[in-house]
Amino acid sequence: MTESHLRLTPKETDIIGLRRKIDLAKGIIEKGGRPSIVRAVCQVSKASALQFHKEIHGKRPKAGQLPYDPEWIIKSPQNCLHASIYFNIYKMLSKTKNLKSSATEDASNHITKGEIFLSAYTLYEEVVGDSPKLLTINRAWHIGQQVTMSYIGGKTCSCCKSTFVSIQNYPDIYKLCPLCNSTRDTLGRKKWKFPQIDATNKVEFDIYSKYIFHSEAI
């Protein structure tokens with residue numbers, strides 16, 4: 001990595017250290033993260049986030065607010081599937097990594113929530129592989145915020161026992177498993193179908209079923 005001209009204030013460098021903060025901001029911006037997310041995750045100033053974005057991409061970021069759709073996860077089975085993959089990876093990493101548990105502990109010995117956010121998205125990209133990545137890093141950040149606010153959460157499918165994300169205060173008819181409750185239209189696009197649960201029927205999983213994200217695994 002070339003030497004960055006990013007300059008942080010002493011207050012900013014007290015959080016996780018200048019080098020770790022630069023590495024984290026660099027990783028988020030390289031994956032398409034907006035400066036506003038860098039500011040929130042890394043706790044840096046607006047000027048620092050904008051400056052680092054320009055250093056990496058050679059231009060200023062797009063103007064305007066981040067696009068946000070609180071119902072994105074239920075718009076299609078594929079949206080729900082990709083959100084569920086990221087959600088379960090994030091939950092798994094949050095449980096297994098040594099998070100900083102006290103403000104008096106040395107932050108250099110602990111992984112931060114921002115680093116888990118970036119690691120979870122990187123693993124999501126690896127799971128999806130060459131297939132289209134419907135979940136951008138900006139949308140992944142929004143999903144994390146929705147989870148924190150208890151707007152969305154995990155739900156276990158009664159058929160395949162996988163954990164998928166759903167909007168908490170929506171009726172159960174909208175809380176459908178993206179593996180079991182989807183079908184294809186005449187153009188081959190995946191659409192939701194109303195569940196007809198039959199334990200004798202074999203569930204046909206798609207390529208992502210090789211990545212186990214059942215509730216007992218997280």
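Residues numbered from 1 in each chain as written. Predicted model: local features only at pLDDT ≥ 70, side-chain atom pairs only at ≥ 80, totals over all residues. Heavy atoms only, no water.

1. A closer look at the nonpolar core
1) Next: Ile28, Val38, Val41, Ile73, Tyr86, Phe117 and Tyr124 are the most contacted members of the largest nonpolar core, which has 47 residues in total.
2) Next: Only α2 (18-30), α3 (35-42), α4 (46-57), α5 (77-96), α6 (113-128), α7 (137-148) and β2 (163-167) provide two or more residues apiece to this core.
3) Next: Residues in contact with Phe117, not counting those within four places in the same chain, are Ile28, Ile37, Val41, Tyr86, Tyr90, Ile137, Ala140 and Trp141. (Core = buried A, V, L, I, M, F, W, Y, C linked by side-chain atoms within 4.5 Å. Buried < 20%, exposed > 50% of the residue type's maximum accessible area, 1.4 Å probe, protein only. Helix = DSSP H or I, 4+ residues; strand = E, 2+ residues; numbered from the N terminus. Contact = heavy atoms within 4.5 Å.)

2. Digging into the pattern of salt bridges
Two side chains carrying opposite charge are able to pair once their charged atoms lie near each other.
1) Next: Counted according to the given criterion, the structure contains seven salt bridges.
2) Next: The salt bridge partner of Glu125 is Lys31, with a shortest N-O separation of 2.6 Å. With Glu125 in helix α6 and Lys31 in the loop between α2 and α3, this residue pair connects regions lying 94 residues apart in the sequence. (Salt bridge = Lys/Arg side-chain N within 4 Å of Asp/Glu carboxyl O.)

3. Notes on the environment of Ala140
1) Next: Residue position: Ala140 is located in helix α7.
2) Next: Judged by relative accessible area, which is 0%, Ala140 ranks as buried.
3) Next: Sequence separation between Ala140 and Phe117 is 23 residues; the distance between their C-alpha atoms is 8.4 Å.

4. Some points on α3
1) Next: Inspection of α3 places Pro35, Ile37, Val38, Val41 and Cys42 among the buried residues, and these make up the whole buried set. For α3, the arc enclosing every buried residue in end-on projection is 155°, short of the 170-degree limit, so these residues lie on one face.
2) Next: In the stretch just after α3, Gln43 is the one whose phi turns positive, near 55°. (Arc of directions from axis to C-beta.)

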